[in-house]
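Here are the chains, one letter per residue:
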Amino acid sequence: MFNKNIKLVIATLIIAFAIYQVIAKFEGYIGNAIFLTLLALIFVFLYFRNEIILLAFLRMRKQDMAGTENWLKKIKNPESALTTKQQGYFNYLHGIIHSQTNLTKAEKFFKRALKLGLTMDYDIAMAKLSLAGIAMQKRRKREATMLLKEAKKLDKQNMLTDQIKMLQQQMKKI
């Protein structure tokens, strides 16, 4: 809800007030300082993990694509409001939403998400697997096989093996 820089300013002010509570008032205010420090940590956490993107992921988990898109629409200017990794996840979520309707848009969003960066290997593997599926549907077999190999390499916990095998079998038919 707040700009990323405002979150850091709020956290700094809260920590400064917590330090004041400990230094200026020697007795009885240490509990307040601990609580204020924990409150500041929430703002620091929300600097690195945007609250709207977290809520959009919760909607995505419930398979509510319209709700996910509504949450993402609340971010007006993602370039200034989000860090680069958050912009990557912003585009990643848009890619998943558009992969069901408009493959060209979805491909653009997935490529931008990979360029900006995703934190988890699973998310990178999922984006590359989705790009491989899009490339396969657009009859670009060489690109699809390359992306599938990269996705298979990144899938360390074998969560995408079924989807990878399915895409490999479909590529044999082409």
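Residues numbered from 1 in each chain as written. Predicted model: local features only at pLDDT ≥ 70, side-chain atom pairs only at ≥ 80, totals over all residues. Heavy atoms only, no water.

Student: Mind showing me how you'd approach a positive patch on the surface here?
Tutor: Among the surface-exposed residues, K105, K108, R112 and K115 lie close enough to one another that they form a single positively charged patch. The residue K105 is located in helix α7 (residues 103–116) in this model. Using a relative accessible area of 38% as the deciding quantity, one classes K105 as partly exposed. (Patch = residues over 30% accessible without salt bridge, like charges linked within 9 Å, V, L, I, M, F, W, Y side chains within 5 Å. Areas by Shrake-Rupley, 256 points an atom, 1.4 Å probe, with all protein chains shown as cover. Salt bridge = Lys/Arg side-chain N within 4 Å of Asp/Glu carboxyl O. Lys, Arg positive; Asp, Glu negative; His and termini not counted. Charge placed at Lys NZ, Arg CZ, Asp CG, Glu CD. Helix = DSSP H or I, 4+ residues; strand = E, 2+ residues; numbered from the N terminus. Buried < 20%, exposed > 50% of the residue type's maximum accessible area, 1.4 Å probe, protein only.)

Student: Sorry, what's going on with the pattern of salt bridges here?
Tutor: Opposite charge on two side chains allows them to pair when their charged atoms are near. Evaluated as defined, the whole model comprises 8 salt bridges. One salt bridge in this structure joins K138 and E107, with 3.0 Å as the shortest N-O distance. Remark: E107 occurs in helix α7 and K138 occurs in the loop between α8 (121–137) and α9 (141–154); sequence separation between them is 31 residues. When its relative accessible area of 32% is taken as the criterion, K138 is described as partly exposed. Overall, the relative accessible area of 8% leaves E107 in the buried class. As a salt-bridge pair, D121 and K156 come within 2.9 Å of each other at their nearest N and O atoms. Residue D121 is found in helix α8, and its partner K156 is found in the loop between α9 and α10 (161–173); the two are separated by 35 residues along the sequence.

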